[in-house]
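Now for the letters of each chain:
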Amino acid sequence: MKQIKAILGVALLAAFLAGPVIAQDKKETKKEAPLKEHKCTAACKDGKHMYAHGEKGHKCTDACKKMMMEKKS
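Residues numbered from 1 in each chain as written. Predicted model: local features only at pLDDT ≥ 70, side-chain atom pairs only at ≥ 80, totals over all residues. Heavy atoms only, no water.

### A word on the overall build of the protein
Along its length, the protein carries two helices and zero strands. When the 73 residues of the protein are sorted by exposure, 4% land in the buried category. Of the roughly 7,200 Å² of accessible surface on the protein, a fraction of 64% belongs to carbon and sulfur atoms. (Helix = DSSP H or I, 4+ residues; strand = E, 2+ residues; numbered from the N terminus. Buried < 20%, exposed > 50% of the residue type's maximum accessible area, 1.4 Å probe, protein only. Areas by Shrake-Rupley, 256 points an atom, 1.4 Å probe, with all protein chains shown as cover.)

### What about unusual backbone geometry?
In this structure, D46 takes a positive phi of about 50° despite not being glycine. Topologically, D46 is positioned in the loop between α1 (2-27) and α2 (62-72).

### Observations regarding a nonpolar patch on the surface
A cluster of nonpolar side chains, L13, F16 and L17, forms an exposed patch at the surface whose accessible area comes to about 360 Å². Inspection of the secondary structure assignment puts L13 in helix α1. (Patch = residues over 30% accessible without salt bridge, like charges linked within 9 Å, V, L, I, M, F, W, Y side chains within 5 Å. Salt bridge = Lys/Arg side-chain N within 4 Å of Asp/Glu carboxyl O.)

### Looking at the side chain of E55
Take E55: it is sitting in the loop between α1 and α2. Within the buried core, E55 has no salt-bridge partner, and the shortest N-O distance to an opposite charge, that of K36, equals 6.7 Å. Looking at E55, its side chain comes within polar contact range of the main-chain nitrogen of A52, at 3.0 Å. The contact partners of E55, leaving out residues within four places of it in the chain, are L35, K36, E37, H38, K39 and M50. (Lys, Arg positive; Asp, Glu negative; His and termini not counted. Polar contact = N/O pair within 3.5 Å; in protein donor to acceptor, adjacent residues only side chain to side chain. Contact = heavy atoms within 4.5 Å.)

### Let's talk about the state of the cysteines
Inspection of every chain in the model, using the stated rule, returns zero disulfides. Take C40: it sits in no disulfide, and the sulfur closest to it among the cysteines is that of C44, at 4.1 Å. No disulfide involves C60; its sulfur sits 3.7 Å from the nearest other cysteine sulfur, which is in C64. A relative accessible area of 38% means that C60 is categorised as partly exposed. (Disulfide = S-S within 2.5 Å.)

Quick look at the structure:
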C-alpha cells in the first residue's frame, strides 16, 4: 500500500512540475501577423527604402529585435 501511495505521489509531483512547461509551449505558438505593404517615409531617400518592422521587405537585425523586446516590456 505504501508503494502505491509513493508512486501516486511521484506521478502527481511530476504532473504539477510539468504544467508550466506545457503552458509555456502553448504561448509560443502564436500566429504570425500578415506583413503590411511598404509605405515610403522621410527615411526613404534616393530609391533606398527603409522598411519598418512588420512591412514586406524588412529583415530584423539584432538592434531591431532588441527594440521590439523593449516595447513588449
